[in-house]
Amino acid sequence: MSIPHVIPPKTAKKPEINLYDRKNTVSATLVSNDRITSPDVESEIHHIVLDFGKQNFPVLEGQNIGIIPPGTNKRGRPHIARLYSIASARDGEWRNTNTLALTVKRVTYEENGETKSGLASSYVCDLSIGDEVQVTGPFGDTFLMPNNPDANIIMICTGTGAAPFRAMTERRRRQPDVPGQLKLYFGARTEGELPYFDSLNKLSNKLINKQLVFSREAGKPKKYVQHHMLDESNELAELLKSPETYVYICGLRDMELGVEEAFDEICSDADLNWETLKNEMKSSGRYHVETY
Ligand SMILES: Cc1cc2nc3c(=O)[nH]c(=O)nc-3n(C[C@H](O)[C@H](O)[C@H](O)COP(=O)(O)OP(=O)(O)OC[C@H]3O[C@@H](n4cnc5c(N)ncnc54)[C@H](O)[C@@H]3O)c2cc1C
């Protein structure tokens, strides 16, 4: 069976892409930098807001931007850009401003027995108000949200994979009385490690059906997003039967297989064939995965 090309939702707005590259960057100013995971947990994730002033930088929910860390690599060449998903709606972090938000996790790794920090992620997490950042992009022309108001959007994520879903949710929040459902499955180890935990809890159930799933809460059984999806098999099967349902998966690469297996099980219990349905959804721009 041939694998269908990934295409955007048919009703998605056409995105602008590649307006700026490493030879022609756009400079943005940092206007806000807040840690959004508890100070007492290892996972350090920041909500970052950049202001593009009067410069042209149009974006859509689901797109990414590149950030170039200052300085040069061991060979004296400029560092390459790292990609970050946009976490705000197309009309700005604050309505009708030329700003956008990012959700950035400080990456750490072990080298010769020492804990080291990732270059770009620690550069971004350590930025101060007023700092200038060199940006490329915008990038991405498929992982976009449908514009039709009756579209149901199932969003499945872990960690910073929440960024595009914050953007899509914010877009819907600014369009009152849209009939399509928003359904979020969001996994983290604990409440303290789930970015946007407090602000998510403030969103109305009418706007978004949010299912927060924890794998390391004291005294509770380990649960991952795919386990919770199976708990809601009937509801998900009904949603999958609708030609107006779109599925988006974003976050750690490891989660994709478990989520696919859950969809497979949900479908077989509902007399649907997941492989056939997935290919049909892909070829109509209704199934999107962005893992890294
Ligand atoms: C489409 C896409 C969207 C993304 N969106 C987001 C997002 O919204 N938020 C987010 O936080 N991230 C996102 N990322 C990831 C992001 O682009 C970066 O990859 C991430 O921030 C790490 O970059 P860094 O420069 O901090 O780490 P780097 O310095 O590049 O290090 C990355 C890894 O390389 C290894 N490494 C590097 N140097 C050494 C060394 N000397 N010895 C041993 N190992 C080493 C380590 O494993 C380390 O973890 C996205 C990636 C993609 C592809």
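None of these values were measured; they are calculated from a predicted model.

Rules used throughout
- Residues numbered from 1 in each chain as written.
- Predicted model: local features only at pLDDT ≥ 70, side-chain atom pairs only at ≥ 80, totals over all residues.
- Heavy atoms only, no water.
- Buried < 20%, exposed > 50% of the residue type's maximum accessible area, 1.4 Å probe, protein only.
- Helix = DSSP H or I, 4+ residues; strand = E, 2+ residues; numbered from the N terminus.
- Pairing = 2+ DSSP bridges.
- Axes fitted to C-alpha atoms, helices over the stretch in contact; angles between N-to-C directions.
- Contact = heavy atoms within 4.5 Å.
- Phe/Tyr/Trp six-rings, centres within 6.5 Å; stacked < 30°, edge-to-face > 60°.

Caption draft 1: Molecular detail of the pairing of strand β12 (residues 245-251). Summarising burial for β12: seven of the seven residues are buried, a large majority. Residue alternation in β12 divides its side chains into two sets, T245, V247, I249 and G251 and Y246, Y248 and C250, and both sets are buried. In the sheet, strand β9 (residues 152-158) pairs with β12 via six bridges, with the strands oriented parallel. In the sheet register, M155 faces β12, and the bridge partner there is Y248.

Caption draft 2: Summary view of the sheet that holds strand β13 (residues 287-291). The five strands lie next to each other as β11-β10-β9-β12-β13, forming an open sheet whose pairing is parallel. The two strands at the open ends of the sheet, each matched to only one other strand, are β11 (209-214) and β13. Adjacent strand axes in the sheet meet at a mean angle of 10 degrees when their direction is disregarded. Across five bridges, the pairing between β12 and β13 is parallel. In the sheet register, V247 faces β13, and the bridge partner there is Y287. The sheet strands contacting helix α2 (residues 163-173) are β9, β10 (182-188) and β12, and the helix crosses β9 at an angle near 150 degrees. Along the sheet, helix α7 (residues 274-283) contacts β12 and β13; its crossing angle with β13, the most-contacted strand, is approximately 90 degrees.

Caption draft 3: Just the packing of aromatic side chains, in detail. All told, the structure shown has seven aromatic pairs when counted by the stated rule. Ring geometry for F143 against Y248: centres 5.3 Å apart, planes inclined by 70 degrees, an arrangement best described as edge-to-face. Of the two residues, F143 is situated in the loop between β8 (132-139) and β9 and Y248 in strand β12; the sequence distance between them amounts to 105 residues. Take F143 and Y248: they sit in the same class, and that class is buried. Grouping aromatic residues by their ring pairs yields a cluster made of Y20, F52 and F57.

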